[in-house]
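# What the coordinates show
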Amino acid sequence: MEREVSLEEISDGKLYGTNDMVRADSGGCEGCFACCRGMGSSIILDPLDMFRLTVNLGMTQEQLLAGPLELNVVDGIILPNIRMTGRDEACSFLNSEGRCGIHPCRPGFCRLFPLGRLYENRSFRYFLQVHECPRENRSKVKVRKWIDTPDVKEYEKFVNDWHYFLKDLGTGLEKNGNPDIRKTVDMYVLNQFYITPYNSGGRVLSSVLQADDRGICVCGTFWNQNHLLKAVSGY
């Protein structure tokens, strides 16, 4: 999800890499779960997030979408996000003690917070959001450690490729202007990347995570926005 704000408004004015130290560590939050409430539809999932949830929770994609997840339009593309529930609009995975019930397999959005990503020139760097986390006196932590993800370099490549794949696809759909093709593409992306079951051998790792300048590899085929538009529209 792209935000139309200036970096100066929301950050400390610095950009960070994975080996930089950043003041993001909230010390386990210790009773605070402010960032787990009132987030609307902003906790958007990528295919790796969906894979982690299905494997760790033992639920199918359909079961997740019928319960703790929902679908919304994000920058012109239909994508899943975590559902907020109740009067407090709390995360569906927040337990009765105000703690994350899926912490080991939490989405990349949650692993990143209160950091954000600034995408420029087909890559990105991290920044610290200074108004989002109410915790005071946060300590410094290396970005690599904070996002708590194995194979960070490979993961960052996936995140970057996935972002620009969706961005380029959205641009292609906007230029095309055909609502029927947009609907078809939306359903194709949703089914191919989120609904089609992954196997424990890691289809998401062996296929979706492999990407280069041709696009993202799905089941051995590389898809960029033009390839996808042609495939689903028949021209």
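Residues numbered from 1 in each chain as written. Predicted model: local features only at pLDDT ≥ 70, side-chain atom pairs only at ≥ 80, totals over all residues. Heavy atoms only, no water.

### Considerations on the packing of aromatic side chains
By the definition in use, this model includes eight aromatic pairs. On the basis of an interplanar angle of 85° and a centroid distance of 5.8 Å, the ring pair of Tyr119 and Tyr164 is categorised as edge-to-face. Placement of Tyr119 in strand 6 (residues 115-120) and of Tyr164 in helix 6 (residues 152-176) is noted, with a sequence separation of 45 residues between them. For Tyr119, a relative accessible area of 23% corresponds to the partly exposed category. Exposure remark for Tyr164: the relative accessible area of 8% places this residue in the buried category. Between the aromatic rings of Phe124 and Tyr126, the centroid separation amounts to 5.3 Å while the plane-to-plane angle is 85°, which identifies the pairing as edge-to-face. Residue Phe124 is classed as buried on the basis of its relative accessible area of 15%. (Phe/Tyr/Trp six-rings, centres within 6.5 Å; stacked < 30°, edge-to-face > 60°. Helix = DSSP H or I, 4+ residues; strand = E, 2+ residues; numbered from the N terminus. Buried < 20%, exposed > 50% of the residue type's maximum accessible area, 1.4 Å probe, protein only.)

### Observations regarding the side chain of Gln129
Relative to the assigned elements, Gln129 resides in the loop between strand 7 (123-128) and strand 8 (139-142). For Gln129, a relative accessible area of 9% corresponds to the buried category.

### Re helix 7 (residues 179-195)
The first and last C-alpha atoms of helix 7 sit 22 Å apart over 17 residues, in line with the 24 Å expected at 1.5 Å per residue. Looking only at helix 7, the buried set comprises Ile181, Val185, Asp186, Val189, Leu190, Gln192, Phe193, Tyr194 and Ile195. If you check the start of helix 7, you find a side-chain oxygen 2.9 Å away from the backbone N of Asp180, and it comes from Asn178. (Expected span 1.5 Å × (residues − 1). Polar contact = N/O pair within 3.5 Å; in protein donor to acceptor, adjacent residues only side chain to side chain.)

### Examining the confidence of the model for the chain
A residue-level look at the chain finds 82% of positions with pLDDT of 70 or above and a mean pLDDT of 83. Here strand 9 (residues 211-212) stands out as the least confident element of the chain, with mean pLDDT 44; strand 7 is the most confident, with 96. Of the regions scoring below 50 in pLDDT, residues 201-214 engages in 37 contacts with residues more than four places distant in sequence or in other chains. (pLDDT = per-residue confidence, 0-100. Contact = heavy atoms within 4.5 Å.)

### Points about the environment of Val143
Of note, Val143 is situated in helix 5 (residues 143-147). For the pair Val143 and Tyr16, spaced 127 residues apart in the sequence, the C-alpha separation amounts to 7.7 Å. Ignoring sequence-local partners within four residues, the contact set of Val143 consists of Tyr16, Gly17, Thr18, Asp20, Val22, Leu115 and Tyr126.

### Digging into unusual backbone geometry
With an omega of 10°, the peptide bond running from Phe113 to Pro114 counts as cis. Note that Pro114 resides in the loop between helix 4 (108-112) and strand 6. Positive phi, close to 65°, is recorded for Arg122, a residue that is not glycine. Within the element layout of this structure, Arg122 appears in the loop between strand 6 and strand 7.

### Brief notes about the nonpolar core
Inside soluble globular proteins, nonpolar side chains tend to come together where they are buried. With 51 residues, the main nonpolar core has Val22, Leu69, Ile82 and Leu115 as its most contacted residues. When neighbours within four sequence positions are excluded, Leu115 is seen to be in contact with Val22, Ala24, Phe127, Leu128, Gln129, Val143 and Trp146. (Core = buried A, V, L, I, M, F, W, Y, C linked by side-chain atoms within 4.5 Å.)

### Overview of the pattern of salt bridges
If you walk through the whole model with that rule in mind, you get seven salt bridges. Notably, a salt bridge pairs Glu70 with Arg83, separated by 3.4 Å at the nearest N-O pair. Here the residue Glu70 occupies a position in strand 2 (residues 69-74), and Arg83 occupies one in the loop between strand 3 (77-82) and strand 4 (84-85), the gap between them amounting to 13 residues. Residue Glu70 is classed as partly exposed on the basis of its relative accessible area of 21%. Sharing partners across several salt bridges, the network here consists of Arg106, Arg111 and Asp148. (Salt bridge = Lys/Arg side-chain N within 4 Å of Asp/Glu carboxyl O.)

### What about the state of the cysteines?
This model, assessed by the stated rule, comprises zero disulfides. Left without a disulfide partner, Cys35 is nearest to the cysteine sulfur of Cys36, which lies 4.1 Å away. Between Cys105, a free cysteine, and Cys100, which holds the nearest cysteine sulfur, the sulfur-to-sulfur gap is 7.6 Å. (Disulfide = S-S within 2.5 Å.)

### What about the packing of helix 6 against helix 7?
For the pair helix 6 and helix 7, the least separation of the axes is 10 Å and the interaxial angle reads 160°. For the element pair helix 6 / helix 7, the angle class is roughly antiparallel. Handedness of the helix 6/helix 7 crossing: right-handed. Together, Trp162, Phe165, Leu169, Gly170, Leu173, Glu174 and Asn176 of helix 6 and Ile181, Arg182, Val185, Val189, Phe193 and Tyr194 of helix 7 make up the contact between the two elements. (Axes fitted to C-alpha atoms, helices over the stretch in contact; angles between N-to-C directions. Parallel < 35°, antiparallel > 145°, perpendicular 65-115°, else oblique. Left-handed = near helix turned anticlockwise from the far one by under 90°.)

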